[in-house]
Amino acid sequence: MTVLCVSPKLNIPHFCFPCVRALTRKTTERSRNPASGKTRRIRTRVPVRTVRRTPSNSNLNTILYAQSSMHAAENSFVFRLKPSSADHDVSTPAIYVTCVTKLERVDQLPSFAQPIDEYPVGSEDPPADLTPQRGETTKPKPELTDQTAHVSVAPRCYCIVSRLPFFELFFSLLYYILEQEHIHRLETDFKLRESTESGESGEESFLDTVSHSTLKLLLKLYKLPVPFPGESIQLSTSGLPIEFLCPKGDVEGKLIIRWGFPVLLRLFSVNNLVDIFIAVLLEKQIVVCCHNLGILSALCMTIPYLVRPELSWDGLIIPIVPFDAYEYLGAPVPYVMGLAEDIGAARVRLRTQDVLLRQDVVFVNPTENQVLSPSLPPIPEIERLKSNLKAYHTQLKTIYERDNQDNMLNPLYASTKERQITTKIYLALQKYKTWFLGRVRDHYGSFAPHGTPESSVRAALLDVAAPQNRAFMAAFLDTQMFW
């Protein structure tokens, strides 16, 4: 997949990483196995389509200029990276990548895709050697001629890489950039037809304009200071005023929950939501299976954060596991991993790759609203919790039925009313965690004076637990989060 990204410079602590670079298609990449610690090569697959030209170019134009699919959840996704040297250092900040994919011609780069090594931090404008000069064109050579019978198209992925999960801001920015590119490409094609008839060339000015404005916008993004909790940031250009509020408190947790929690509620019943919550509390190995990368990444990013801020998930988070790296699922640690296929196909592939899973692995299937697990003990007061959540979830169902649109699973398009109800559900879950952990801490303080062996404290806590809660408490007291 050809990727255009704001790429990382490890020594730069700014708002986002400052390089725009067009990465060519690769056939292999390196990946580190958390189970064995070894580095191996992974084959990647890029689906290239060949489109036959027609006299009107209708087939090609339908592919290249259709914009609605760009906003669909399957074409807008996120993932998370951590330096391999810091796999076991939970204090090392993660890197978040916001992605939008779009079908484009293989032989054409976007007008602003220049191989840039560095941006000068003190400049408002792109450097002179990166700004197209008069008479130059940003269109790569060679260009397909009208006599060419076929055109190759493939998905191109546009990414913004940052240490901050400001997904709403970054998706809005990517959509704006691609829409501007789309408009200027249409204008250019129209101008080319006119210039062909008149014998003049008018393409460069259109492409140069969008190239300069896009680079300038990305420079503004890079130079933005990292906002403090509770502060707002502003990014504006012609036709794009954006104001984004950085939440107070647990910034990372709140931003990720705001992005992915609405998707979780749209796809799962309250009973399954509570089962997922229990699986996270007990540090289970959780596998999410879904073809839709937007849904897959949103769920995998959100699920571990259901226990924040009271508790901290220290397991692995891999939102999209490559097909040739399913051996990662054999890692002997808690994890949340996403597989971009249905459960049946995933299990076949796991057997083919001789991956041994633990018997208590939890499979999450958003397509069928399923949580498959051999054993998830009920948490204390589970029926009261479900009752509180269902009162709000019923209101969400009405909104889902009314707003049944193609892009409804893209969190960016959650309505104000939906976000209000989603917040109430999340606060109800938070209230339950505060109550439950408060009771546990009260008992822990009574039974754990200085120097008391851990085994004695554990036995005392189990003794005071109600009989119906002991299975859950026994498993919870075995987790790293508790101790």
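For every chain, the first residue of the written sequence is number 1, and numbering continues from 1 along that sequence. pLDDT decides what is reported in this predicted model: residues at 70 or higher carry local features, side-chain atom pairs at 80 or more are listed and counted, and totals for whole chains, interfaces and linings draw on all residues regardless. Each side-chain value is derived from all of the structure's non-hydrogen atoms; neither hydrogens nor water enter the calculation.

A. Highlighting the pattern of salt bridges. We define a salt bridge as a side-chain nitrogen of Lys or Arg found within 4 Å of a carboxyl oxygen belonging to Asp or Glu. Under the definition given, this model contains 12 salt bridges. In this structure, K284 engages D360 in a salt bridge whose closest nitrogen and oxygen atoms are separated by 3.2 Å. One end of the pair, K284, is in the loop between α5 (270–281) and β11 (285–289); the other, D360, is in the loop between α7 (343–352) and β14 (362–365), with 76 residues separating them in the sequence. Think of it in three bands: with a 1.4 Å probe and only protein chains considered, a residue is buried below 20% of the maximum accessible area for its type, exposed above 50%, and partly exposed in between. We classify K284 as buried; its relative accessible area is 11%. Residue D360 is classed as buried on the basis of its relative accessible area, which comes to 18%. Residues participating in the shared-partner salt-bridge network are K102, E104 and R156. Per the convention used, a helix needs a DSSP run of H or I reaching at least four residues, while a strand needs a run of E reaching at least two, with both numbered from the N terminus.

B. Up close: the sheet that holds strand β15 (residues 370–372). Pairing is mixed in the open sheet, where five strands are placed in the order β12-β13-β11-β14-β15. At either margin of the open sheet sits one strand with a lone partner, and together these are β12 (316–318) and β15. On average, each strand axis in the sheet is tilted by 15° relative to the strand beside it, whichever way the strands run. Sitting on the sheet, helix α6 (residues 293–302) is in contact with β11, β12 and β13 (335–339), with an inclination near 180° to β13. Between any two strands, at least two bridges found by DSSP are needed for them to pair. Only the stretch in contact is used when fitting a helix axis, every axis being a line fitted to C-alpha atoms; angles between N-to-C directions are given from 0 to 180 degrees. Contacts are assigned to residue pairs with any non-hydrogen atoms lying within 4.5 Å of each other.

C. View of unusual backbone geometry. Here R308 and P309 are connected by a cis peptide whose omega angle stands at 0°. Along the chain, the position of P309 falls in the loop between α6 and β12. In this structure, E283 is a non-glycine residue whose phi angle is positive, near 55°. Take E283: it is sitting in the loop between α5 and β11. Take E283: its relative accessible area is 12%, and that puts it in the buried class.

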